[in-house]
Amino acid sequence: MRFLDTLDGYSSDNPVVQGYEWLTDPQNWQGPSGIPVRTVEHLGYTGLTLLIALAIAVPIGLYVGHTGRGRVVVIALAGILRALPTLGLLTLFVLLAGLGLMPPIWALVLLAVPPILGGTYAGISSVSPDAVDAARSMGMTEAQILFRVEVPNGLAVILGGFRAGVLQVVATVAVVAYIDLGGLGRFLIDGLAVSDYGRVFGGAVVIAVLAITIDAVLAGLQRLAISPGLRDSRQQPGDWQTGSEPVTAGVQGGNP
Amino acid sequence: MAWLTANFGYVLQLAGLHLYQSVVPLALSFIIAIPLAQLARVNRTFKGFILSAGSILYTIPSLALFVILPAILGTRILDIANIIVALTIYAVALLVRSTVDALNSIDDGIRQAAVAVGYKPLFRFLTVDLPLSLPVLFAGLRVISVSNISLVSVGALIGISSFGTLFTDGLQRDFITEIVVGIAGTLLLALLMDILLVLLQRLLTPWLRSAPATAGAVTV
């Protein structure tokens with residue numbers, strides 16, 4: 001390994017070995033800058049961002065999906081927001097609004113809104129118009145149609161967008177450490193600053209494991225939330241090959 | 001604006017680096033994903049493996065992957081190869097899935113017709129299956145292109161130059177113009193690449209251009 005040979009504290013200059021030693025050092029698992037506290041910070045930023053993003057994206061997505069109004073605007077806006085560089089937004093918000101918790105959170109909200117909004121809109125508009133017409137002809141009000149027909153039927157896609165948004169935020173919160181906030185990214189940024197590659201590698205592994213765990217939990221919840229009736233009736237013969245799995249992060253193109 | 005004109009050469013150089021780091025993974029993923037997708041199509045075990053491996057790798061945050069890769073590849077942490085390999089992994093993970101769907105969506109009658117007129121398997125794949133799946137492939141490439149261009153800037157955090165350098169530098173110097181130029185440059189690159197990909201697709205799939213016209217003519 002052609003790493004800088006700062007051996008201090010480690011038994012090898014191999015970053016994998018150093019990372020393992022860093023991860024198994026009990027000292028890194030306690031105190032205000034230990035892995036558990038950093039993980040809680042990471043999840044805290046993620047949760048706060050998602051709450052705000054959901055409050056913005058879901059109502060708009062439901063409205064646009066149900067009425068079909070403003071479809072073009074939403075799609076164009078989501079495309080532009082997706083192309084915006086994460087790091088650029090974060091630094092811009094900090095320079096405009098100063099350090100502290102909220103400026104980076106707002107930048108993260110901007111990143112989380114497109115996948116959630118896109119997923120909600122796509123989910124609602126993917127529901128068969130026949131089902132909607134049937135509901136209307138039975139005398140359901142528009143609100144009933146939305147919440148009893150369109151939302152349950154489009155839930156797979158809606159949650160797929162939500163999953164992509166969550167992953168996006170979890171990944172980007174790691175970058176937030178660069179602007180003096182906590183979270184697991186601290187291990188990477190601080191480790192790099194002092195050439196402590198054990199900390200860098202160990203921290204990166206913790207972030208990766210956290211992201212994979214969260215995604216797995218969300219995938220499980222997604223499976224539970226979707227009506228079992230839908231799962232069976234939608235499964236037409238030959239349908240398996242076009243991907244019976246609901247829209248995942250990859251398909252949505254949310255970037256990590 | 002004065003800053004931009006004074007540093008235009010520097011910005012252009014960063015644009016070049018940025019483009020290089022986002023386009024190379026795009027091209028590599030195209031070359032890697034197609035054979036993998038075809039393998040996945042014929043072998044279901046491999047399909048399960050490659051799709052789940054892909055979605056797990058895709059889940060790893062970029063910053064983490066950028067610094068894990070040097071430990072695995074034996075590259076230096078400042079090596080541009082780390083960014084390229086990381087973005088290629090994301091791109092392949094995304095592209096294999098959509099390519100499998102694209103290849104599966106081809107009408108089996110077309111394949112059988114090609115075999116009947118004497119196409120050998122490889123030749124048939126290259127001249128029938130592949131061209132017919134190009135629209136889906138290009139849709140995937142366009143998504144990847146945008147996300148790559150946005151992700152490359154994260155590399156600046158570990159010291160790899162791109163438009164991202166303007167962000168880290170601008171933050172340190174408290175200089176907003178630099179950041180705005182970086183964001184605008186990134187958006188411009190994403191837009192240019194998207195236009196290029198659309199043009200390339202139109203060039204490669206000429207049969208699609210006439211299709212909507214005839215469909216319209218029929219309904220009228």
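So, a few notes on the structure that sits alongside this text. (Residues numbered from 1 in each chain as written. Chains lettered and ligands numbered in written order. Predicted model: local features only at pLDDT ≥ 70, side-chain atom pairs only at ≥ 80, totals over all residues.)

Scanning chain B for helices and strands turns up 10 helices and 0 strands. Along the chain direction, N to C, the helices and strands of chain B fall in the order α-α-α-α-α-α-α-α-α-α. Along the three orthogonal principal directions, the C-alpha set of chain B runs to about 65 × 50 × 25 Å. When burial is assessed residue by residue, chain B has 41% of its 220 residues classed as buried. Residue pairs at least 24 apart in sequence account for 70% of intrachain contacts in chain B once pairs closer than 6 positions are excluded. (Helix = DSSP H or I, 4+ residues; strand = E, 2+ residues; numbered from the N terminus. Buried ≥ 20, exposed ≤ 12 C-beta atoms within 10 Å, placed from the backbone. Contact = placed C-beta atoms within 7 Å.)

On to the overall build of chain A, then. For chain A, the count of helices and strands is 11 helices and 0 strands. Taken from the N to the C terminus, the helices and strands of chain A come in the order α-α-α-α-α-α-α-α-α-α-α. For chain A, buried positions account for 48% of its 256 residues. Contacts spanning at least 24 positions in sequence make up 72% of the contacts within chain A whose residues lie at least 6 apart.

This next bit is on helix α3 (residues 71-83) of chain A. When the terminal C-alpha atoms of α3 of chain A are compared, their 19 Å separation across 13 residues agrees well with the 18 Å that a helix rising 1.5 Å per residue should span. Along α3 of chain A, the residues classified as buried are V74, A78, R82 and A83 of chain A. Down the axis of α3 of chain A, the buried side of the element spans an arc of 165°, and every buried residue falls inside it. For α3 of chain A, the exposed residues set more than 90 degrees away from the buried face come down to V72, V73 and A76 of chain A. Considering only its buried residues, α3 of chain A is in contact with α2 (35-67) and α5 (102-125) of chain A together with α7 (121-152) and α9 (176-204) of chain B. (Expected span 1.5 Å × (residues − 1). Arc of directions from axis to C-beta.)

So, about unusual backbone geometry. Even without glycine at this site, S195 of chain A takes up a positive phi of about 55°. Its place among the elements puts S195 of chain A in the loop between α8 (185-193) and α9 (197-225). You can call S195 of chain A partly exposed: it has 14 C-beta atoms within 10 Å. Even without being glycine, D174 of chain B reaches a positive phi, approximately 55°. Relative to the helices and strands, D174 of chain B is located in the loop between α8 (163-173) and α9. For D174 of chain B, a count of 9 C-beta atoms within 10 Å corresponds to the exposed category.

Now for the interface of chain B and chain A. Taken together, the contact between chain B and chain A spans 45 residues of the former and 45 residues of the latter. Elements with a contribution of two residues or more to the side of chain B that touches chain A: α3 (44-59), α4 (62-73), α5 (80-104), α7, α8 and α9 of chain B. Ranked by residue count, the leading element in the side of chain B that touches chain A is α9 of chain B, at 7 residues. Broken down by class, the residue content of the side of chain B that touches chain A amounts to 27 nonpolar, 14 polar and 4 charged. (Nonpolar A, V, L, I, M, F, W, Y, C, P; charged D, E, K, R; others polar.)

Glancing now at α9 of chain B. The end-to-end C-alpha separation of α9 of chain B is 42 Å, in line with the 42 Å expected for 29 residues at 1.5 Å each. When we look at burial in α9 of chain B, the residues that qualify are E178, I179, V181, G182, I183, G185, T186, L189, A190 and M193 of chain B. Structurally, α9 of chain B contributes buried residues whose contacts are with α3 and α4 (86-97) of chain A together with α1 (2-6), α2 (8-42), α7 and α8 of chain B.

A few words on the environment of A225 of chain A. Residues and elements named next belong to chain A. Inspection of the secondary structure assignment puts A225 in helix α9. Once the C-alpha coordinates of A225 and P152 are considered, the two residues, 73 residues apart in sequence, prove to be 8.9 Å apart. In this view, A225 contacts L155 and L159; residues no more than four positions away in its chain are not counted.

Bear in mind that shape data such as this cannot, by itself, settle questions of function.
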